[in-house]
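Read off the chains here:
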Amino acid sequence: MEKITLSIPAISCEHCVMTIKRELEEIKGIKEVEGNATTKKITVQWDLPATVEKIKSTLKEINYPATD
Ligand SMILES: [Cu+2]
């Protein structure tokens, strides 16, 4: 299992966090997505076939790009 915490400045409220969770959880291999609207960070845990590249490209596609 791999794990990363990403900063997503476009998060403005809990609704954004819910949207991100819903979209990322559709990726095969994603195990858990936690988000915080105050810190504007999400923590993702995954196994293959999910990859950090896939997670970041999905975030970009839904207009919540990660800065790191
Ligand atoms: Cu929002």
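Residues numbered from 1 in each chain as written. Predicted model: local features only at pLDDT ≥ 70, side-chain atom pairs only at ≥ 80, totals over all residues. Heavy atoms only, no water.

### Some remarks on the overall build of the protein
For the protein, the count of helices and strands is two helices and three strands. Relative to its length of 68 residues, the protein is compact, with a C-alpha radius of gyration of 11 Å against a globular reference of 11 Å. Taking the principal axes of its C-alpha atoms as reference, the protein extends roughly 30 × 20 × 20 Å. Going through the 68 residues of the protein one by one, you find that 37% of them count as buried. Of all intrachain contacts in the protein linking residues separated by at least 6 positions in sequence, the fraction that spans at least 24 positions is 58%. A total of about 4200 Å² of accessible surface is found on the protein, and carbon and sulfur atoms cover 48% of it. Taking the average location of the 10 positive side-chain charges in the protein and that of its 11 negative ones, the two points are 2 Å from each other. (Helix = DSSP H or I, 4+ residues; strand = E, 2+ residues; numbered from the N terminus. Rg over C-alpha atoms; globule rule 2.2 N^0.38 Å. Buried < 20%, exposed > 50% of the residue type's maximum accessible area, 1.4 Å probe, protein only. Contact = heavy atoms within 4.5 Å. Areas by Shrake-Rupley, 256 points an atom, 1.4 Å probe, with all protein chains shown as cover. Lys, Arg positive; Asp, Glu negative; His and termini not counted. Charge placed at Lys NZ, Arg CZ, Asp CG, Glu CD.)

### Thoughts on the side chain of Gln 45
With respect to the helices, strands and loops of the structure, Gln 45 is situated in strand E3 (residues 41–46). According to the relative accessible area criterion, Gln 45 is buried, its value standing at 18%. Ignoring any residue separated from it by four or fewer positions in sequence, one finds Gln 45 in contact with Met 1, Glu 2, Lys 3, Gly 29, Ile 30, Lys 31 and Glu 32.

### A short note on the coordination of the copper ion
Those protein atoms acting as donors to the copper ion are Cys 13 (SG) and Cys 16 (SG), and they sit at 2.1 Å. Classification of Cys 13 by relative accessible area gives partly exposed; the value is 32%. (Donors = N, O, S within 2.8 Å, 3.2 Å for Na, K, Ca; no water.)

### Some details on the sheet that holds strand E1 (residues 2–7)
Across the sheet, three strands lie side by side as E1-E3-E2; this open sheet has antiparallel pairing. Whereas interior strands pair on both sides, the edge strands pair on one side only; in this sheet they are E1 and strand E2 (30–36). Here the average twist between neighbouring strands, direction ignored, is 15°. Sheet topology note: the E1/E3 ladder contains six bridges and is antiparallel. Counterpart to Glu 2 in the pairing with E3 is Trp 46. Running over the sheet, helix H1 (residues 14–24) touches E2 and E3 and is turned about 170° from E2. (Pairing = 2+ DSSP bridges. Axes fitted to C-alpha atoms, helices over the stretch in contact; angles between N-to-C directions.)

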